[in-house]
Amino acid sequence: MNIKLVTTNIRFENDSDQQNNWPFRKFVWKDIMNNANTDFICTQEGRQPQLKDAEGLLNNHSNAFGDRSWIPERMYPCIFISNKWKVIESGDRWLSETPEVPGSKSFNSMFPRLMTYTIVHSKENIKLMIVNCHLDHLHPHTRKEQTLV
């Protein structure tokens with residue numbers, strides 16, 4: 001079985017991006033994603049309203065995050081799965097010394113960072129775990145620590 005996954009940093013909605021802000025570029029993103037014929041789309045840097053918007057733009061994918069506890073100012077990685085797959089389990093872990101505490105940060109990270117995962121299975125009974133995260137952008141030692149959480 002061939003599995004196709006794409007990962008894309010959708011950049012948070014930011015008015016200073018002007019004509020490149022999410023409300024203007026989301027339609028280009030939508031066309032690329034809907035034509036890519038993927039099983040999974042992993043995104044980084046989206047906030048809740050933007051990710052709900054992204055889900056509505058996708059033809060054959062739904063967000064696997066389930067019952068997430070949202071913090072309005074935080075950015076979240078997400079996994080959108082095609083309707084060929086069924087979610088068995090999904091969840092989040094903050095990439096910190098206290099991974100169960102929403103919005104927590106450690107290891108000299110510039111921002112709180114999050115890992116999201118989903119366990120899925122197909123009609124052919126293939127079972128996969130997909131993990132998506134957005135590591136710190138400043139410090140290599142921080143990224144290393146975040147991967148060990």
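Here the structure is shown first, and the text comes after it.
As the structure is a computational prediction, the values presented were derived from the model and not from experiment.

Q: What is the right way to look at the overall build of the protein in this model?
A: The number of helices and strands found in the protein is three helices and seven strands. Listed N to C, the secondary structure of the protein is β-α-β-α-β-β-β-β-β-α in terms of helices and strands. For the protein, whose C-alpha radius of gyration is 16 Å, the value lies close to the compact-globule estimate of 15 Å for 149 residues. Principal-axis analysis of the C-alpha atoms places the extent of the protein at approximately 40 × 40 × 25 Å.

Q: Where do I start with the packing of aromatic side chains in this structure?
A: Enumeration over the complete set of coordinates arrives at four aromatic pairs. Taken together, a centroid distance of 4.6 Å and an interplanar angle of 65° make the contact between Trp-70 and Tyr-76 edge-to-face. When its relative accessible area of 18% is taken as the criterion, Trp-70 is described as buried. One aromatic cluster is present, built from ring pairs that chain together Trp-70, Tyr-76 and Trp-94. Just above the ring of Phe-12 sits the side chain of Arg-11; from NZ or CZ to the centre is 4.6 Å. Across the ring face of Trp-70, the terminal group of Arg-68 is positioned such that the distance to the ring centre comes to 5.0 Å.

Calculation notes
Residues numbered from 1 in each chain as written. Predicted model: local features only at pLDDT ≥ 70, side-chain atom pairs only at ≥ 80, totals over all residues. Heavy atoms only, no water. Helix = DSSP H or I, 4+ residues; strand = E, 2+ residues; numbered from the N terminus. Rg over C-alpha atoms; globule rule 2.2 N^0.38 Å. Phe/Tyr/Trp six-rings, centres within 6.5 Å; stacked < 30°, edge-to-face > 60°. Buried < 20%, exposed > 50% of the residue type's maximum accessible area, 1.4 Å probe, protein only. Lys NZ or Arg CZ within 6 Å of the ring centre and 35° of its normal.

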